[in-house]
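Residues per chain are reported as follows:
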Amino acid sequence: MDKPKESKVRTRVMEILRNHDQEARVIEAQIAAEKEALEADLEFILESAYPSSQLSDAGVRVQSSPDPDGRLVRMVDKRDRRRQRANEAIGNLECQLQQITEVQNLVYALDTRSKCVLLALYYPYRSYDEAAEFLQVERTTVYRQREIALNRLFARAERSKAFRE
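These numbers were taken from a predicted model, which means no experiment stands behind them. (Residues numbered from 1 in each chain as written. Predicted model: local features only at pLDDT ≥ 70, side-chain atom pairs only at ≥ 80, totals over all residues. Heavy atoms only, no water.)

Undergrad: Could you clarify how one ought to interpret the packing of aromatic side chains in this entry?
TA: When we look at a pair of aromatic rings, we describe it by the centre distance and by the angle of the planes. As enumerated under the stated definition, the model contains two aromatic pairs in all. On the basis of an interplanar angle of 45° and a centroid distance of 5.8 Å, the ring pair of Tyr 122 and Tyr 125 is categorised as tilted. Judged by relative accessible area, which is 4%, Tyr 122 ranks as buried. (Phe/Tyr/Trp six-rings, centres within 6.5 Å; stacked < 30°, edge-to-face > 60°. Buried < 20%, exposed > 50% of the residue type's maximum accessible area, 1.4 Å probe, protein only.)

Undergrad: It is not clear to me how the side chain of Ser 114 should be interpreted in this structure. Could you clarify?
TA: With respect to the secondary-structure elements, Ser 114 resides in helix α3 (residues 112-122). A distance of 3.2 Å separates polar atoms of two side chains, one belonging to Ser 114 and the other to Arg 152. If we ignore the near neighbours within four places in the chain, the residues touching Ser 114 are Ala 149 and Arg 152. (Helix = DSSP H or I, 4+ residues; strand = E, 2+ residues; numbered from the N terminus. Polar contact = N/O pair within 3.5 Å; in protein donor to acceptor, adjacent residues only side chain to side chain. Contact = heavy atoms within 4.5 Å.)

Undergrad: Help me out: how do you make sense of the environment of Gln 30 in this one?
TA: Turning to its location among the elements, Gln 30 is positioned in helix α1 (residues 3-49). Placed 59 residues apart in sequence, Gln 30 and Ala 89 show a C-alpha to C-alpha distance of 9.4 Å.

Undergrad: Would you take a moment to explain helix α5 (residues 139-159) for this structure?
TA: Each α-helix turn comprises 3.6 residues. Residues three or four places apart therefore point the same way. The terminal C-alpha atoms of α5, which comprises 21 residues, lie 30 Å apart, in line with the 30 Å expected from a rise of 1.5 Å per residue. For α5, the full list of buried residues reads Thr 141, Val 142, Gln 145, Arg 146, Ala 149, Leu 150, Leu 153, Phe 154, Ala 157 and Glu 158. (Expected span 1.5 Å × (residues − 1).)

On their own, these measurements won't tell you what the molecule is for.
Put into structure tokens, the structure is as follows:
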């Protein structure tokens, strides 16, 4: 793997470890907001597609649009483009959510020592001192084991489908 990609994966994994709870909640809220905005926009586009009508001099309702079929075609195109934008945005957000889940799964797949130190440090986020007290080991041991565990985690993440672009 090339160095920029490797660095990008490592940076993303560290971001996820530090902020996974908050990031997952924000992404889920963004997905819900995008879906709501899509529904509102589709409704607005649909309402704007119906050609307006007028009363003629004889009191009969007549079509005021010279090209009602053209308006319907434009409406369908607008709806399709809006759906496509929403699907792309939601797809990107779901990809980020998948990465968060993948990091957690990769942590669980590590050896026991590596798993324990990463879970103690990042699930929930703790300081080295708090993790050392939780694990009942020295702070330096937590630091050393963290480095080993992170290298193993990075190696697995770099091979993971969730981090391929």
